[in-house]
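Breakdown of the fold
Residues per chain are reported as follows:
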Amino acid sequence: MNILFCGDTFPAAREYLRERLPAQDRLDVWSKGDLNSQIGNANVVIPLMHRIDAGVMDSGRFRLVQQWGSGLEGVDLDAARRRGIWVSNVPHSEANAESVAEHAILLMLCLLRNLRQAESNVHPAFLVPLWDER
């Protein structure tokens with residue numbers, strides 16, 4: 001099986017997948033040039049942030065588009081359906097919901113407390129050492 005990553009984001013995830021694939025499976029990464037010329041050997045396409053439209057689908061013979069992350073906005077689902085290409089994504093698991101909520105609250109507090117001004121008020125020239133560094 002040939003798996004093609006469309007882009008070079010998530011390098012740790014690529015290595016994680018590569019370590020778990022059988023030795024005969026191949027993992028390629030497309031990052032520059034014409035995607036249509038490289039997609040011909042792929043059986044599975046992982047689009048990451050790249051658009052997979054009818055033109056890309058016609059250039060290859062892949063049978064699965066596996067989107068990492070939620071949402072399938074970058075995949076032309078009607079074109080995939082007409083060509084018999086399966087489309088899947090990582091299901092919603094609420095694994096990062098708490099972290100996203102915490103981050104949103106942090107950003108709101110930064111805006112409310114004018115964090116940029118507070119940072120400029122605490123300049124290293126105004127700091128006094130609390131201990132002798134000898």
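In case you missed it, the structure is sitting above this.
In what follows, the accompanying structure is described. This is a predicted model, so every value here is computed, not measured.

**What about the overall build of the chain?**
Within the chain one finds six helices and five strands. Along its sequence from the N terminus, the chain presents helices and strands in the succession β-α-β-α-β-α-β-α-β-α-α. Counting every position in the chain, which comprises 134 residues, the buried fraction comes to 22%. In the chain, once contacts between residues fewer than 6 apart in sequence are set aside, the share between residues at least 24 apart is 35%. For the chain, the accessible surface area stands at approximately 9900 Å², while carbon and sulfur atoms represent 57% of it.

**Overview of the pattern of salt bridges**
Tallying each qualifying case throughout the model produces five salt bridges. For R26, the salt bridge goes to D28, with nearest N and O atoms at 3.1 Å. Overall, R26 belongs to the partly exposed group, its relative accessible area being 45%. Here D28 falls in the buried class, since its relative accessible area comes to 18%. With a shortest N-O distance of 2.9 Å, R81 and D78 are connected by a salt bridge. Of the two residues, R81 and D78 both sit in helix α4 (residues 77-83), three residues apart, roughly one turn of that helix. Residue class for R81 comes out exposed when judged on its relative accessible area of 60%.

**Section: the environment of R14**
Take R14: it is sitting in helix α1 (residues 11-20). Leaving out residues up to four positions away in the same chain, R14 has contacts with F5, G7, D8, T9, L27, V29 and W68.

**Some details on a nonpolar patch on the surface**
Taken together, the side chains of I105, M108, L109 and L112 present a nonpolar region at the surface, about 430 Å² in accessible area. Relative to the elements of secondary structure, L109 occurs in helix α5 (residues 97-112).

**A closer look at the sheet that holds strand β1 (residues 2-6)**
Read across the open sheet, the five strands follow the order β2-β1-β3-β4-β5; overall the sheet is parallel. Sheet topology places β2 (26-30) and β5 (86-89) at the edges, where each strand pairs with a single neighbour. Within the sheet, the average angular offset between the axes of one strand and its neighbour, ignoring direction, is 20°. Sheet topology places β1 next to β2; five bridges connect them, and they run parallel. Counted as the bridge partner of L4 is D28 from β2. The strands touched by α1 are β1, β2 and β3 (44-46); relative to β2, the strand with the most contacts, the crossing angle is about 160°.

Cut-offs applied
Residues numbered from 1 in each chain as written. Predicted model: local features only at pLDDT ≥ 70, side-chain atom pairs only at ≥ 80, totals over all residues. Heavy atoms only, no water. Helix = DSSP H or I, 4+ residues; strand = E, 2+ residues; numbered from the N terminus. Buried < 20%, exposed > 50% of the residue type's maximum accessible area, 1.4 Å probe, protein only. Contact = heavy atoms within 4.5 Å. Areas by Shrake-Rupley, 256 points an atom, 1.4 Å probe, with all protein chains shown as cover. Salt bridge = Lys/Arg side-chain N within 4 Å of Asp/Glu carboxyl O. Patch = residues over 30% accessible without salt bridge, like charges linked within 9 Å, V, L, I, M, F, W, Y side chains within 5 Å. Pairing = 2+ DSSP bridges. Axes fitted to C-alpha atoms, helices over the stretch in contact; angles between N-to-C directions.

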